[in-house]
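Remarks on the overall topology
Residue-level listing of the chains:
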Amino acid sequence: CAQDVRAYKPSRAHFDRLLSEHGAKNEVLHVAQSLFHDGAPAKALGIAYVWVNRYNETNTTAVVPLAQYPDLMSLASALCDDEN
């Protein structure tokens with residue numbers, strides 16, 4: 001959380017902690033709703049990013065997510081389908 005890393009997103013501190021705690025950038029997947037707070041920093045660091053587009057927004061940023069889902073249930077279903 002912000003208190004732990006002493007910063008607010010889109011600060012790189014959150015993503016540096018992600019990498020230090022969970023592996024190299026090619027070993028993690030960041031899943032979130034905000035293109036600005038999550039997608040842009042993930043892209044800048046080369047971390048794969050999945051956009052949970054809850055509000056059916058149009059992506060007007062330079063962020064190109066690995067995939068896009070309308071909600072977490074859809075993402076979970078897709079991940080389960082890939083395992084079978």
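Residues numbered from 1 in each chain as written. Predicted model: local features only at pLDDT ≥ 70, side-chain atom pairs only at ≥ 80, totals over all residues. Heavy atoms only, no water.

1. Focus on a nonpolar patch on the surface
Operational definition: Exposure above 30% relative accessible area and no salt bridge define the residues that can form patches, which grow by joining like charges within 9 Å and nonpolar side chains of Val, Leu, Ile, Met, Phe, Trp and Tyr within 5 Å. Surface accessibility in these figures is a Shrake-Rupley result with a 1.4 Å probe; residues are shielded only by whichever protein chains are displayed. We define a salt bridge as a contact between a side-chain nitrogen of Lys or Arg and a carboxyl oxygen of Asp or Glu at a distance within 4 Å. Helix and strand assignments follow DSSP, with helices taken as H or I runs no shorter than four residues and strands as E runs no shorter than two, numbered in order from the N terminus. Relative accessibility decides the category of a residue: with a 1.4 Å probe and only protein chains considered, values under 20% of the type maximum give buried, values over 50% give exposed, and everything between is partly exposed.
On the surface, a nonpolar cluster with roughly 360 Å² of combined accessible area is contributed by Leu29, Val31, Leu66 and Leu72. If you trace the backbone, Leu72 turns up in helix α4 (residues 72-83). For Leu72, a relative accessible area of 48% gives the class partly exposed.

2. Things to note about the side chain of His14
Just so we agree on the cut-off: A 3.5 Å cut-off defines polar contacts: any pair of N or O atoms within that distance qualifies, except that in protein one atom must be a possible hydrogen donor and the other a possible acceptor, and neighbouring residues in sequence count only when both atoms are side-chain atoms. In what follows, residue pairs with any heavy atoms lying within 4.5 Å of each other are defined as contacts.
Examined against the element boundaries, His14 turns out to sit in helix α2 (residues 12-22). At 2.9 Å, the side chain of His14 and the backbone oxygen of Ala7 are in polar contact. Excluding residues within four positions of it along the chain, His14 makes contact with Cys1, Ala2, Val5, Ala7, Tyr8 and Lys9.

3. Things to note about the environment of Leu45
Take Leu45: it is sitting in helix α3 (residues 35-45). Look at Leu45 and you get buried, because its relative accessible area is 13%. Separated by 19 residues in sequence, Leu45 and Val64 have C-alpha atoms that sit 13 Å apart. Once you skip the residues sitting within four places of it in the chain, Leu45 turns out to touch Arg12, Phe15, Asp16 and Lys25.

4. Considerations on the side chain of Ser34
By the element assignment, Ser34 lies in the loop between β1 (29-32) and α3. A residue is classified by how much of its surface remains accessible, and Ser34, at 15% relative accessible area, is buried. Setting aside chain neighbours within four positions, we find Ser34 in contact with Gly39 and Tyr49.

5. A closer look at the nonpolar core
Defined as follows: Remark: nonpolar core denotes a set of buried residues (Ala, Val, Leu, Ile, Met, Phe, Trp, Tyr, Cys) joined through side-chain atoms within 4.5 Å.
Counting residues in each nonpolar core, the largest one holds eleven residues, listed as Phe15, Leu18, Val28, Ala32, Leu35, Ala42, Leu45, Ile47, Tyr49, Trp51 and Val63. Elements that contribute at least two residues to this core include exactly α2, α3 and β2 (48-52). Looking at this core element by element, the count peaks at three residues for α3. Non-local contacts of Phe15, meaning those with residues more than four positions away in its chain, are made with Lys9, His30, His37, Asp38, Pro41, Ala42, Leu45 and Ile47.

6. Here's the deal with the confidence of the model for the chain
Rules: Confidence scores per residue from the predictor, reported as pLDDT, run from 0 to 100.
When pLDDT is averaged along the chain, the result is 93, and 98% of the positions lie at 70 or above. When pLDDT is averaged over each helix and strand of the chain, the minimum, 90, is found for α4 and the maximum, 98, for strand β3 (residues 67-69).

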